[in-house]
Every structure is written in structure tokens, then in C-alpha cells.
Amino acid sequence: MGPITGLAEFLSMLTRRAPVIAAVLVAGIVGTLSYVTAMPRTYQASTVIQILPSVIGGGTEAQVSEAPARLRLIEQQVMSRQNVTDMIARFHLFEDRPELTSSEQLWRFRQDVRIDLIPSAGGAQSPDAGVSALMLTANAGDPAVAAALANDIANQIVTGNSEVVSRRLANLVSALDVESRRVEDEAAQVQAKIDDIRRRETDALPENLEVLQAEMTTLRGQRVATTRSIQTLERERLTLQVSEGSGSGSGTVTVADQIGRLRVELAQARRRLGESHPEVRRLETAIGELQGGGVQNLDPAVRQQIALIDEQLGSMEDERSVLDARLEAIDTAIAHIPEVAERLDALTRQMREIEIQRDAVAARVAAARLDRELVAGEHGERMVVLENAEVPDNPLSSSRRRVAVLGLAASIGA
């Protein structure tokens with residue numbers, strides 16, 4: 001067959017091949033119409049959720065870093081089997097596909113719904129990057145259903161985020177309150193130990209060292225003066241006994257000497273052995289016996305003077321015993337001061353550490369309560385729907401008219 005040289009020859013060719021052309025055209029049109037009729041329509045609706053930081057400071061670093069994890073947790077809750085099954089039932093999805101099983105419907109739903117996190121301006125794509133917004137897209141065969149589904153999921157995310165943030169802040173405040181009480185109890189226990197030591201070891205406190213030393217000096221001076229007064233009174237008593245005994249010509253001088261010697265021995269024994277020692281008691285008994293026997297022979301006036309002197313001597317001996325007891329207590333307290341100081345230093349260091357912990361916990365409690373109040377007053381970190389999903393005008397796939405025109409053109413070309 002040679003080349004076509006004119007219109008008449010071209011028309012003649014079409015006439016001769018009209019049955020073939022008609023068959024190809026009819027087959028192409030039927031195939032195109034069948035494909036267009038079976039072609040599903042998919043509509044896509046989108047909505048944007050913006051994350052607004054707290055009005056104070058724009059959110060802490062910890063809040064910014066944990067936001068992606070929190071949002072992924074909310075996404076998992078929204079896409080859980082039970083929640084997806086509930087949305088499929090509410091929006092009557094896949095009613096035109098009865099052959100799909102529940103697992104297949106769940107898989108298709110998760111393929112048709114996508115949640116994308118939009119990082120903050122200048123933020124890198126990393127797990128710790130901040131999030132400024134969420135882009136939510138939903139696909140469905142009906143445009144109204146696609147828009148309603150996108151808006152419903154957006155409301156679930158906003159509500160879920162508010163509940164999660166409020167619950168986490170409430171749990172954080174509760175846990176911090178428990179920690180604060182624990183630290184306060186520990187501080188109270190340590191303070192009670194410090195107070196107990198200061199109450200029981202009043203004399204052995206380190207700050208009382210200079211006072212104790214000054215008191216010891218004063219008491220030693222008083223003891224020296226008391227000892228001298230006792231010695232003076234003893235000499236006066238001996239003088240009375242000696243003078244009266246000499247005037248009567250009796251042997252009272254010997255008794256007075258014995259009493260004087262025994263009093264010296266008694267004073268030395270009291271200093272060395274203490275008041276309750278048997279030797280001290282023996283000397284006191286001996287002196288009493290000598291005084292009773294010697295004084296009875298004296299003049300009544302002299303006996304009265306000696307009785308007064310004995311009373312003064314008893315008072316001064318008691319005073320000296322009190323001074324000795326206090327000096328011994330001061331010596332014990334001064335020797336005990338290093339041990340008490342070490343215990344107090346250890347407890348003071350422990351108290352300082354507890355106070356540091358208490359201040360840190362108090363700061364965290366204050367910050368957590370402030371965040372909770374901000375969230376309750378809608379001034380904390382929150383989500384707002386920036387753009388509600390609108391009903392799409394055109395399906396996501398190519399239009400049936402366009403496919404039909406292309407199919408007809410292909411059939412004519414064939």
C-alpha cells in the first residue's frame with residue numbers, strides 16, 4: 001500500500017476500515033466507562049493544630065523536650081483499636097465494603113489518617129526538637145465524612161493533650177508534696193537530735209567553753225577562800241578548847257590536838273576519797289567522839305561558842321562539797337566538749353544538705369503548682385485548632401470526566 005495522496009483516498013481508506021474502527025472505538029468507550037464507573041472517589045480533608053507555649057517564659061526546656069513524646073502518646077491513644085472501631089461505627093465508614101474484616105478496616109483507617117508533627121522554627125528533626133503544630137489529614141469516600149472525621153480527631157487530640165497535661169501536673173504536684181513531707185520529716189528528726197544534744201549536754205556545748213573556763217576560775221577562787229575560812233574557824237575552835245582546858249588544869253589540850261589532827265586528816269580524805277568513803281566516815285566519827293567527850297567538860301559559854309563554830313564549819317564544808325562537785329562537773333564537761341562538737345557538726349552538715357534538698361523541692365513544687373494553675377486558667381501550654389477541616393470540593397484522585405475524555409481520546413487514536 002502506497003502513501004495517501006489526497007482527501008478522497010483518505011476517506012476511502014476510512015470507509016473500507018469502518019467496521020474495524022467502530023469495533024475499536026466501541027471497545028475503548030465501553031472499557032473507559034467501566035473503569036470510570038468502578039473508580040473509587042477519595043476526598044482528603046486537613047486541619048492544623050497549633051501548640052501555644054506557656055505565657056510565662058514560653059515553656060521550660062523540659063516541657064519542650066517532652067512535648068513530642070507526649071503527642072505521640074496521644075496519637076497512640078487516638079489510633080488505638082477500640083477508639084478506631086468507635087470512629088468507624090460513628091462515621092459509618094466502609095459500609096460499602098462489607099467484604100473487609102475488622103482488621104482490614106483498622107489497617108485502612110490507619111492508612112487514611114495521618115498525623116504529622118511540625119517542628120518549631122529553626123528546630124531540627126530530632127526526638128528532642130520542639131513542636132509548634134500538628135498537621136492532620138483524613139481520607140474518606142465522602143467529602144463531608146472526611147471533614148467531620150478530621151475535625152473529630154483534632155478535637156480528640158486537643159482534649160487528650162489537656163487531660164494528659166493536667167493529669168501529669170497533678171501527679172507531679174502530688175509526688176513533690178510527698179517528697180516535700182519526707183524531707184520535712186527528715187529535717188525535723190535531725191533538728192530533734194540537735195535539740196536533744198543541746199538539752200542533755202548543756203555544759204558540754206562548744207560555745208560554752210569560755211564560760212566554763214571563767215566559771216572554773218571563779219569557783220576555784222571561792223573554794224580557796226572557803227578552805228581558808230574553814231581553817232580559820234578550826235583554829236578558833238582549837239584555841240577555845242585549849243585556853244579553856246589550860247585554865248581548868250585538865251588534859252583537854254591533848255584532846256584538842258587530836259581533834260585538830262583528825263580534822264586535817266578529814267579534809268585531806270575528803271579531797272582524795274570523797275564524802276562517801278569509809279575512811280571519811282571513820283574520821284568524822286572519831287572527831288565527834290572526841291568533841292563530845294572534851295566539850296562536855298568545858299564552860300557552858302565556851303561550849304556555846306564551839307557549837308556555833310561547828311555549825312559554821314558544817315555549812316562551809318557543805319559549800320566546799322558543792323564547789324567540788326561543780327568543779328568536777330565542769331572538768332567532765334570540758335573533756336566532753338570535743339565529742340559533742342563532732343556530733344553537732346555532723347548533724348549540722350546533714351541539716352544543711354537536707355535544707356538544700358528542701359529548697360530544691362520547694363522550688364519544683366512552686367513551679368509545678370504554677371504550671372497547674374496556668375493550665376487550669378488556659379494560660380499554660382495548650383493546643384488550639386488553627387484551621388478547621390473544610391469539606392473538599394474535589395476528590396483527591398483524578399476526576400471521572402477527565403478519565404473518560406482521556407479514554408475516549410485513546411480509543412479514537414487506537
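Let us look at the structure shown here. (Residues numbered from 1 in each chain as written. Predicted model: local features only at pLDDT ≥ 70, side-chain atom pairs only at ≥ 80, totals over all residues. Heavy atoms only, no water.)

## What to know about a nonpolar patch on the surface
Note the threshold: Candidate patch residues must exceed 30% relative accessible area and have no salt bridge, after which like charges are joined if within 9 Å and Val, Leu, Ile, Met, Phe, Trp or Tyr side chains if within 5 Å. Each accessible area is a Shrake-Rupley result for a 1.4 Å probe, and residues are judged covered by the shown protein chains and nothing else. A pair is scored as a salt bridge if a Lys or Arg side-chain nitrogen falls within 4 Å of a carboxyl oxygen belonging to Asp or Glu. For helices the rule is a DSSP run of H or I covering at least 4 residues; for strands it is a run of E covering at least 2, with both sets numbered from the N terminus onward.
Side chains of Ile 29, Leu 408 and Ile 412 sit close together on the surface and give an oily, nonpolar patch of about 250 Å² of accessible area. Tracing the backbone through its elements, the reader meets Ile 29 in helix α2 (residues 18-38).

## Considerations on the environment of Leu 106
Operational definition: Should any heavy atoms of two residues lie within 4.5 Å, those residues are considered in contact.
Of note, Leu 106 is situated in helix α5 (residues 102-112). Considering only alpha carbons, one finds Leu 106 and Ser 80, 26 residues apart in sequence, at a separation of 9.4 Å. In this view, Leu 106 contacts Arg 81 and Val 84; residues no more than four positions away in its chain are not counted.

## Structural notes on the side chain of Glu 317
Within the secondary structure, Glu 317 sits in helix α10 (residues 300-376). Each residue touching Glu 317, except ones within four places of it in the same chain, is listed here: Ile 230 and Arg 270.

## Here we look at the pattern of salt bridges
Pairing is possible between side chains that carry opposite charge, provided their charged atoms lie close to one another. As a reminder of what qualifies: Burial classes follow relative accessibility: with a 1.4 Å probe on protein chains only, a residue under 20% of its type's maximum area counts as buried, one over 50% as exposed, and anything between as partly exposed.
Here the structure, examined in full by the defined rule, presents 16 salt bridges. Across the pair Arg 199 and Asp 196 runs a salt bridge whose closest N-O atoms are separated by 2.8 Å. Taken together, the positions of Arg 199 and Asp 196, both in helix α6 (residues 143-200) and three residues apart, correspond to about one turn of that helix. Among the residues examined, Arg 199 registers a relative accessible area of 56% and is labelled exposed. Through salt bridges that share partners, Asp 196, Arg 199, Arg 200 and Glu 201 make up one connected network.

## Describing the nonpolar core
Cut-off, in case you're wondering: Among buried residues, the Ala, Val, Leu, Ile, Met, Phe, Trp, Tyr and Cys ones that are joined through side-chain atoms within 4.5 Å form a nonpolar core.
The biggest cluster of nonpolar side chains holds 35 residues, and the ones touching the most others in it are Met 87, Leu 93, Phe 109, Leu 134, Leu 149, Ile 153 and Ile 157. Listed by contribution, the elements that provide at least two residues to this core are β1 (43-52), α3 (61-78), α4 (81-90), α5, β2 (113-119), β3 (131-140) and α6. The element contributing the most residues to this core is α6, with nine residues. Those residues within four positions of Ile 153 in sequence are excluded, and the remaining contacts are Val 78, Met 87, Phe 109, Val 113 and Leu 136. Val 190, Met 216, Ile 330 and Leu 347 belong to the second largest nonpolar core, which has 20 residues in total.

## Some words on the sheet that holds β3
Within a sheet, neighbouring strands are paired by backbone hydrogen bonds and run either parallel or antiparallel to one another. Going by this rule: DSSP-based pairing: two strands are paired if at least 2 bridges between them are found. Here an axis means a line fitted to C-alpha atoms, over the contact stretch when the element is a helix, while the angle between two N-to-C directions is reported on a 0 to 180 degree scale.
Strands sit in the order β2-β3-β1-β4 across an open sheet of four strands; the sheet is antiparallel. Since the sheet does not close on itself, it has two edges, and those belong to β2 and β4 (382-387), each with one partner. On average, adjacent strands in this sheet sit at an angle of 25 degrees to one another, irrespective of strand direction. Bridge analysis of β1 against β4 gives five bridges, and the strand direction is antiparallel. Bridging across to β4, Gln 50 finds its partner in Val 384. Together, β2 and β3 form the strand contacts of α5, whose direction differs from that of β2 by roughly 35 degrees. In the packing of α6 onto the sheet, the strands contacted are β1, β2, β3 and β4, and the crossing angle to β1 comes to about 20 degrees.

## Observations concerning α5
Put simply, the rule reads: Taken from the helix axis, the directions to the C-beta atoms give the arc we talk about.
Looking at α5, one finds that the buried residues are Gln 105, Leu 106 and Phe 109. Viewed along the axis of α5, the buried residues span an arc of 100 degrees, placing them on a single side of the element. Looking at the packing, one finds that the buried side of α5 touches α4, β2 and α6.

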